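Working through the structure, step by step
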Amino acid sequence: MSDFVDVDSLWKVLAVGLIGGAGLVAVFAFGLVGLSAYADRPPGARPKVLGLVLACACFLVVAGGAAAGLVALLAK
Amino acid sequence: MDAEMVLLVLVVVTALSFDFTNGFHDTANAMATSIATGALRPKVAVALSGVLNFVGAFLSLEVAATIAKGIVDSGAISLSVVFAGLVGGLLWNLVTWYFGIPSSSSHALIGGVVGATLLAAGTSAVKGAGLLSDVIIPAVLAPVAAVLIATVGTFLVYRITSRVSERLRVGGFRVGQIGSASLVSLAHGTNDAQKTMGIITLALITSHTIGPDDGTPMWVIVASATAIALGTYIGGWRVIRTLGKGLTEIESPQGFAAEGSSAAVIFAASHFGFPLSTTHVCSGSIVGAGVGKRLAEIRWGVAGRMAVAWLVTLPAAALGGAVAWKGTDLIGGALGMGVVFALAALIAAGLYLASRRAPVNHSNVNDRWTGRVAPSAQVGERVA
């Protein structure tokens, strides 16, 4: 079987796919949780700035991941 | 214009036509989920995807002047084999589009070339091991990997955002969807337009129009990018409908997880040189997005029909390529190629006319799924 499958690169694809696909998607979701803590507040309550910071950090990580993906695509 | 020149022009026109069907067949890969969840209006989605395919085609210009490399003996590749292979792939693309089945354009092209080569140069010119390792095994592994990753992603996304307000969740993931679908479109332009550039460059070298080391002329790059972008913009609405509405009902968190998984797998596979088909990855991701959400219904009948089509793609396109080569060879020369080209155009026109009887377009692409590709006007029928 391994004569016909490049097992090494298959594992890499799966690992990078999990980190980049499921991982970054989860980070984006955490960003929304942060944004929710900041924006979805009961009337009169103070906005949780920490939530906004978390959200920005998460979205930056996702954007960075996408940029890294593009670089990897072009550097094949 | 001498006969040789006529042959070359026919091959180039056929290659660009194939490129066009490649675009419109694959609009769904990037945009079906965004259209289904309403993240983008249908017309806006196909326009965005078309532009990004065009841009993507220019991102990497190291064009390899090959076709079905490692699968057929490069010595067996003649202009008529390239032509017949393109015709076989193109016709299979149109047939699967008519039935709304997302099948791989790369597999269709390889199948067409293999079929033409089998008749033109015999079985020894086709490398079975290459076919197995570069086409058949990846076709099984790609959807499995995509299903797995999209399932994990979808599960996580719903768990993490369970307390986020509905408004923010739907809106936030719609924005994310647009981003991830754009990445898939860009990667598609880079990978698939290059294949056509490679084929045309190969044809130019074979006919001694350019030297082997001359590189790809600019007009080839611009024409290939334009053909795939136009095809994408026209939009294979029938395939979009199957992927966006037929497989499962998609919400924006699922759509985002699916496209995120697709983008990551496609990028990783191109980088590590693992030959995955975009179509297989994207379809797998959407199934995974259905599996990852509890109680989501997946229409396994639709998924099964899709899997069968993937199995049939290679032999069916091979048959088309073989018939096209035989026809070209029997009549001979530029006339033979012209006749086969005209016949292929007739079949294409026939399929187009047949599709007009029950059209799927931007206005009805999101209608309720009733078990068939084309939504019917009747009300109160069974849901498949």
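How each quantity is defined
- Every chain begins its residue count from 1, and numbering advances along the sequence as written.
- By the order in which they are written, chains take letters starting at A while ligands take numbers starting at 1.
- Whole-chain, interface and lining totals are the exception, using all residues; otherwise, since this is a predicted model, local features are given only for residues with pLDDT of at least 70 and side-chain atom pairs are given and counted only at 80 or more.
- A run of H or I in DSSP becomes a helix once it reaches four residues, and a run of E becomes a strand once it reaches two; helices and strands are each numbered from the N terminus.
- We call a residue exposed when 12 or fewer other C-beta atoms sit within 10 Å of its C-beta, buried when the count reaches 20 or more, and partly exposed for counts in between; the C-beta positions come from the backbone.
- Contact criterion: two residues are in contact if their C-beta atoms, reconstructed from the backbone, are within 7 Å.
- Ten residues, namely Ala, Val, Leu, Ile, Met, Phe, Trp, Tyr, Cys and Pro, are considered nonpolar, four, namely Asp, Glu, Lys and Arg, are considered charged, and the remaining ones, Gly among them, are considered polar.
- How far a helix is expected to stretch is found by multiplying one less than its residue total by 1.5 Å.
- For every residue, the predictor assigns a confidence score, pLDDT, that lies between 0 and 100.

Let us look at the environment of Ala 318 of chain B. Along the chain, Ala 318 of chain B falls in helix 11 (residues 300-331). Judged by local crowding, Ala 318 of chain B falls into the buried class, with 26 C-beta atoms found within 10 Å.

On the chain B side, the residues contacting the 32 residues of chain A number 40 residues. Put simply, the parts of the chain that give the side of chain A that touches chain B at least two residues each are helix 1 (7-39) and helix 2 (49-74) of chain A. Among the elements that line the side of chain A that touches chain B, the one with the most residues is helix 1 of chain A, at 22 residues. Partitioned by chemical class, the residues of the side of chain A that touches chain B number 22 nonpolar, six polar and four charged.

Residue and element names in this part refer to chain B. Between its terminal C-alpha atoms helix 12 (residues 333-357) stretches 37 Å, which fits the 36 Å expected from 25 residues at 1.5 Å a residue. Within helix 12, burial applies to Gly 336, Met 337, Val 340, Phe 341, Ala 344 and Ser 355. Lining the buried residues of helix 12 we find helix 1 (3-37), helix 3 (79-98) and helix 11.

All names here are of chain B. Tracing the sequence through the fold places Ala 289 in helix 10 (residues 278-292). A residue is classified by how many C-beta atoms lie within 10 Å of it, and Ala 289, with 34 of them, is buried. Ala 289 sits 74 residues away from Gly 215 along the chain, and the two C-alpha atoms are 42 Å apart. Other than its neighbours up to four places away in sequence, Ala 289 contacts Ala 150, Thr 154, Ile 250, Gln 254, Ala 257 and Ala 258.

Residues and elements named next belong to chain B. Of all residues in chain B, 97% have pLDDT values of 70 or greater, and the mean over the chain is 89. Residue range residues 378-384 is modelled with pLDDT below 50. Its contacts to residues more than four positions away, or to other chains, number seven contacts. Interface scoring of the predicted complex returns ipTM 0.90; its pTM is 0.90.

An α-helical segment advances 3.6 residues per turn. Residues three or four places apart therefore align on the same side. Given a rise of 1.5 Å per residue, 26 residues ought to cover 38 Å, and the 38 Å separating the end C-alpha atoms of helix 2 of chain A matches this to within 8%. For helix 2 of chain A, the complete set of buried residues consists of Ala 55, Cys 58, Phe 59, Val 62, Gly 65, Ala 66, Gly 69 and Leu 73 of chain A. The secondary structure elements touched by the buried residues of helix 2 of chain A are helix 1 of chain A together with helix 6 (166-206) and helix 9 (252-272) of chain B.

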